[in-house]
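# Structural characterization, general
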Amino acid sequence: METDLMALVGVWCAATLRSATPLIFVTLGESLGQRTGIINLGAEGEMLVGALAGFAVATQTDSASLGLLAGALAGGVLSLVHSALVLAARANQIASGLAVMIIGIGLTSYIGRAFVGKKVSSLDNLLPSGGEALAFFGPFLQQTTLAGPLAIAAAAFISWWINNTRSGLHWRSTGESAEVTLSNGINPIRIRFYAITVGGLLAGLGGAILSVDYTQTWAQEMTKGRGLIAVGLVIVAGWRPALVLPVCLFFGFTEAAVFKLQAMGITFSSHLLSTMPYVTVILVLIFAHLRARKSSQMPNDLKAVFQ
Amino acid sequence: MTETPARAAPFASLLGICKSFAATCAVDDVSIDIYEGQVLALLGENGAGKSTLMKLLYGVHEPDRGKIIVDGPGENPISSPLDAMRLGIGMVFQNFALIPALSVRENLLLAWPDTPVVIKKIKPQNDPVLKKLYEIAPQIDPFQKVGSLSVGEQQLVELCKILNLSTRLVILDEPTSVLTPAEAERLHGFVRSLAENGVGVVFITHKFSDVKACADRIAIMRRGQLIEDVEAQSIDHDGLVRAVMGTDATSRADPPGPPKSDQPRLQIRGLSAHSRNEVLEDINLNIASGEIFAIAGVSGNGQSLLAEVVAGVHQLDDGDVLLDGTSIARHASAQIMKPHVAYIPEAPRINGCVEDLDLGLNLALRDLSTVGTKPLANVRAELEKFDVRPPDPAKKAGDLSGGNLQKLVIARELADYGKAVLAVYPTMGLDIEATKAVYARIFSMAAAGAAVLWISEELDDMLESAHTIAVMRSGHIVEQFKNSHHLTRQKIGALMTGAHDA
């Protein structure tokens, strides 16, 4: 009886992590950008481009890892549009982000028609077979691929890096004041370019994990606003990469719960049910906002975007 | 140029420097030598060209004519601050290049050339980037956010940042204009110890107290030209004033006579209020017609909030403000301000003008809803009367320098006689002549019957002119004195910082 319970917990944890993994990567990328004073609504488009490119490469090469690599690159390439508009042409970040998002949606809808209905094989599970004896880890590892642990490691690394290295300090100071950063002989434009590009790579990777590793299909606009959710989750996490992990896992848990409920045959409207993760994000956002009004963690130069 | 015979070769020599901005000549044929281990006070009025001259040395601007030789006869051209830093020249500007959201240590690491790739947590005592901080300001916690430090502490952090670049010459641009008297004294001591350790210091200022406290040598500029360059002990106070102002007018503004009646004109009763950073609790003040009531205090202890509440800009929680017996506390500020209350706010660039509007509109801000704008000729006359430079009604307020912006706000608020004057740091950033003019204007308004609430950190000026001096700390009036010669700077200073209990 007890082993059954542990197995159930293992399955739920695996489902939560798998659902959260794409979001963790996108949100990490977005929080890096915002820490340097750049908001990128284009993350949604970059994620979609990554999802399609990753899916396409994975079906052609039959290699999930190559697919993930291609997805990340595609996201990085699309992010160059945001860099060009915001850093070179000094366009408004919100408008530029929307443009990138729309480019991503349009491109993938058009090119993606050829890939609808195709199948792809995901990354290998960490534990192919056996291990039933391990109460919790057996079921957990059987349903987990390398992508999940990678996301956790990425969050840990980025959190350490931004707080404990010279380059991390330069990124943080750029987000607080590009002017002061420049006066210290550091080029804030270059740092923001790096941040947008890394954000694009991570969004693309997240998208590719979504299509190749998680759902293993391609569908039009399959990210369903995850790239935009990421923008909000950065705020919930208080711009701290370490907190991105629990915040995204919470979203993943809600989504996993919706699937489990549907699988259990709940007849409640599936459309309404699938909005649950988004509703919870909005609720958490409101809560976080009320709390954050007291002491703002918002990078100072990011405020300028909204003025 | 100096009178000391056996001095080593100068660290930097400026030869026949000229610099013009558009039509105005900011620096006109100035030659001066700067030595290591010496404190050079560069003295002059607002706009005399002191800061410009030093920015030329620091590479912010390049001279139109003339030559700058640094560190011996070899060619060491300075075309940017980076060049200057490499030669060991550091400059601390009036607005600091610090990031409030980062800690003191992180701010220092940001500018430090030897910051390691991975920043390890080291015991502060052994941390090389904190070495200077420990020498200068051991009381500052290196892990505190810079934003939570006082302005004086921030200045010390900025100074450490410059000294970390192993600097041979430090240029300080009006460093005491933002400091409390106690902080200024500490800075003077520190400047002396820098010079004793062989660092050259250029101290740009228009305060004589700075010069007396720490200068070895005094250079005086007027209208872009170098007027004097002498050893500090060879010139007295009157000589300094004459050289700075180019006149024999050494007297201060005549202090006003005693108030005519003790009938309170401006009354503050049981006033409580709070803002993000400041609180006021149960403030009771009575200011008579013609009385000059000064409030001394370290900035941030509630004085500016008090002025804002009285001016009707900020809400009060409890209590009342009466003008001639009528409550003005719960009215929109437009109803009670001009012609009744003149208000010179703190930080006039933010609180006292609209930067994007021209000077004419800024002068007419109080009248826009009733009278409309003033005729152009009147505007020009008013700008000239208060010596706003340039007196061009079409110029944007944001283009004025700090001192001239202050004069613009004063021109608007003090042009007509009212019942009360609220003056918050009214002479901040002003030179002697402008300060004198502002005081004269405020005193004449008092003589005409206005109640004056004067918030300041200029203790000497208060002791000379105010009828009543109150000390404010942590949102309370700590003590209130009738001004007399028994009252001293030290006594008020101790009350301001809370050291009187000891």
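No experiment lies behind these values; they were computed from the predicted model shown.

## Overview of the overall build of chain A
- Secondary structure assignment for chain A yields 14 helices and 0 strands.
- Ordering the α and β elements of chain A from the N terminus gives α-α-α-α-α-α-α-α-α-α-α-α-α-α.
- Relative to the 2.2 N^0.38 estimate, which gives 19 Å for 307 residues, the radius of gyration of chain A is 19 Å and therefore close to what a compact globule would have.
- The dimensions of chain A, computed from C-alpha atoms along their principal axes, are 65 × 45 × 40 Å.

## Description of the overall build of chain B
- Secondary structure assignment for chain B yields 17 helices and 19 strands.
- Along the first, second and third principal axes, the C-alpha set of chain B runs to 75 × 55 × 45 Å.
- For chain B, the proportion of its 502 residues judged to be buried stands at 52%.
- For chain B, contacts bridging at least 24 residues in sequence account for 67% of all contacts bridging at least 6.
- Of the accessible surface of chain B, which amounts to about 21,800 Å², a share of 50% is contributed by carbon and sulfur atoms.
- Distance from the positive charge centre (48 side chains) to the negative charge centre (63 side chains) of chain B: 2 Å.

## Remarks on the packing of aromatic side chains
Residue and element names in this part refer to chain B.
- All chains considered together, the criterion is met by 8 aromatic pairs over all chains.
- With centroids separated by 5.7 Å and ring planes inclined at 5°, the aromatic side chains of Tyr 439 and Phe 443 adopt a geometry described as stacked. Of this pair, Tyr 439 and Phe 443 both sit in helix H15 (residues 432–447), 4 residues apart, roughly one helical turn. Accessibility classification places Tyr 439 together with Phe 443 in one group, the buried group.

## Here we look at the pairing of strand E12 (residues 292–296) of chain B
Residues and elements named next belong to chain B.
- Of all the 5 residues making up E12, 5 are buried; the element is thus mostly covered by neighbouring parts of the structure.
- Of the two faces of E12, the one lined by Ile 292, Ala 294 and Ala 296 and the one lined by Phe 293 and Ile 295 are each fully buried.
- In terms of strand pairing, E12 meets strand E17 (residues 451–456) through 5 bridges, oriented parallel. By the bridge assignment, Ile 292 is partnered in E17 with Val 452.
- The pairing of E12 with strand E18 (residues 468–473) spans 4 bridges and is parallel.

## Regarding the sheet that holds strand E6 (residues 169–173) of chain B
All names here are of chain B.
- Spatially, E5-E6-E7-E3-E8-E9 is the arrangement adopted by the 6 strands of the open sheet, whose pairing is mixed. A strand with exactly one partner marks an edge of an open sheet, and here the two such strands are strand E5 (89–92) and strand E9 (225–231). Pairs of neighbouring strands in the sheet enclose a mean axial angle of 15°, with direction left out of account.
- Bridge count for E6 against strand E7 (residues 200–205) is 5 bridges, and the pairing is parallel. Within the sheet, the bridge partner assigned to Asp 173 lies in E7 and is Ile 204.
- Along the sheet, helix H8 (residues 237–245) makes contact with strand E3 (39–44), strand E8 (217–222) and E9, crossing E8 at roughly 30°.

## Points about the pairing of strand E11 (residues 279–288) of chain B
All names here are of chain B.
- As paired strands, strand E10 (residues 264–274) and E11 are joined by 7 bridges and run antiparallel to one another. Note on E11: the bridge partner recorded for Pro 264 is Ala 288.
- Between the end of E10 and the start of E11, which pair antiparallel, lie 4 residues.

## Points about the confidence of the model for chain B
Residue and element names in this part refer to chain B.
- Of the residues in chain B, 92% reach a pLDDT of 70 or more, and the chain-wide mean stands at 83.
- Overall, residues 1–6 carries pLDDT values under 50, and its contacts beyond four positions in sequence, including any with other chains, amount to 9 contacts.
- Under the prediction, the complex receives an ipTM of 0.84, its pTM being 0.73.

## Regarding a nonpolar patch on the surface
- Side chains of Leu 261, Met 264, Ile 266, Phe 268 and Leu 272 of chain A sit close together on the surface and give an oily, nonpolar patch of about 500 Å² of accessible area.
- Note that Ile 266 of chain A resides in the loop between helix H11 (241–263) and helix H12 (270–274).

## Notes on the sheet that holds strand E4 (residues 65–70) of chain B
Residue and element names in this part refer to chain B.
- Strand order in the open sheet formed by 3 strands is E2-E1-E4, with antiparallel pairing between adjacent strands. Only two strands of the sheet have a single neighbouring strand rather than two, namely strand E2 (24–34) and E4. Taken over all neighbouring pairs, the strand axes of this sheet differ in orientation by 20° on average, direction set aside.
- In this sheet, E2 lies alongside strand E1 (residues 12–21) in antiparallel orientation, the contact comprising 7 bridges. Residue pairing for E2: Ser 20 is matched across the bridge by Cys 25.

## Some remarks on the side chain of Arg 35 of chain A
- Position of Arg 35 of chain A relative to the elements: it lies in helix H1 (residues 2–35).
- Buried Arg 35 of chain A, no salt bridge; nearest opposite-charge side chain is Glu 176 of chain A, N-O distance 5.9 Å.

## A few points about a negative patch on the surface
Residue and element names in this part refer to chain B.
- There is a patch of like negative charges on the surface, built from Glu 281, Asp 282, Asp 317 and Asp 318.
- Positionally, Glu 281 belongs in strand E11.
- By relative accessible area, Glu 281 is classed as partly exposed at 42%.

## Notes on the state of the cysteines
- Within this structure, the stated rule accounts for 0 disulfides over all chains.
- The thiol of Cys 160 of chain B is not disulfide-bonded; the next cysteine sulfur, from Cys 214 of chain B, is found 17 Å away.

## Quick notes on the pattern of salt bridges
Residues and elements named next belong to chain B.
- Scanning the model with the defined rule gives 20 salt bridges over all chains in all.
- Across the pair Arg 168 and Glu 36 runs a salt bridge whose closest N-O atoms are separated by 3.1 Å. Pair noted here: Arg 168 is in the loop between helix H5 (151–163) and E6 and Glu 36 is in the loop between E2 and E3, with a separation of 132 residues, a long-range link.
- Since its relative accessible area comes to 33%, Glu 36 is described here as partly exposed.

## Comments concerning the interface of chain B and chain A
- Taken residue by residue, the interface counts 17 residues in chain B and 15 residues in chain A.
- A buried area of about 1,400 Å², summed over both sides, lies between chain B and chain A, and 62% of it is on carbon and sulfur atoms.
- For the chain B face of the interface with chain A, the top three residues by lost area are Ile 99, Leu 110 and Ile 119 of chain B, together amounting to 36%.
- Where chain B packs against chain A, one counts 1 salt bridge.

Definitions and limits used
Residues numbered from 1 in each chain as written. Chains lettered and ligands numbered in written order. Predicted model: local features only at pLDDT ≥ 70, side-chain atom pairs only at ≥ 80, totals over all residues. Heavy atoms only, no water. Helix = DSSP H or I, 4+ residues; strand = E, 2+ residues; numbered from the N terminus. Rg over C-alpha atoms; globule rule 2.2 N^0.38 Å. Buried < 20%, exposed > 50% of the residue type's maximum accessible area, 1.4 Å probe, protein only. Contact = heavy atoms within 4.5 Å. Areas by Shrake-Rupley, 256 points an atom, 1.4 Å probe, with all protein chains shown as cover. Lys, Arg positive; Asp, Glu negative; His and termini not counted. Charge placed at Lys NZ, Arg CZ, Asp CG, Glu CD. Phe/Tyr/Trp six-rings, centres within 6.5 Å; stacked < 30°, edge-to-face > 60°. Pairing = 2+ DSSP bridges. Axes fitted to C-alpha atoms, helices over the stretch in contact; angles between N-to-C directions. pLDDT = per-residue confidence, 0-100. Patch = residues over 30% accessible without salt bridge, like charges linked within 9 Å, V, L, I, M, F, W, Y side chains within 5 Å. Salt bridge = Lys/Arg side-chain N within 4 Å of Asp/Glu carboxyl O. Disulfide = S-S within 2.5 Å. Buried area = accessible area lost by both parts, 1.4 Å probe.

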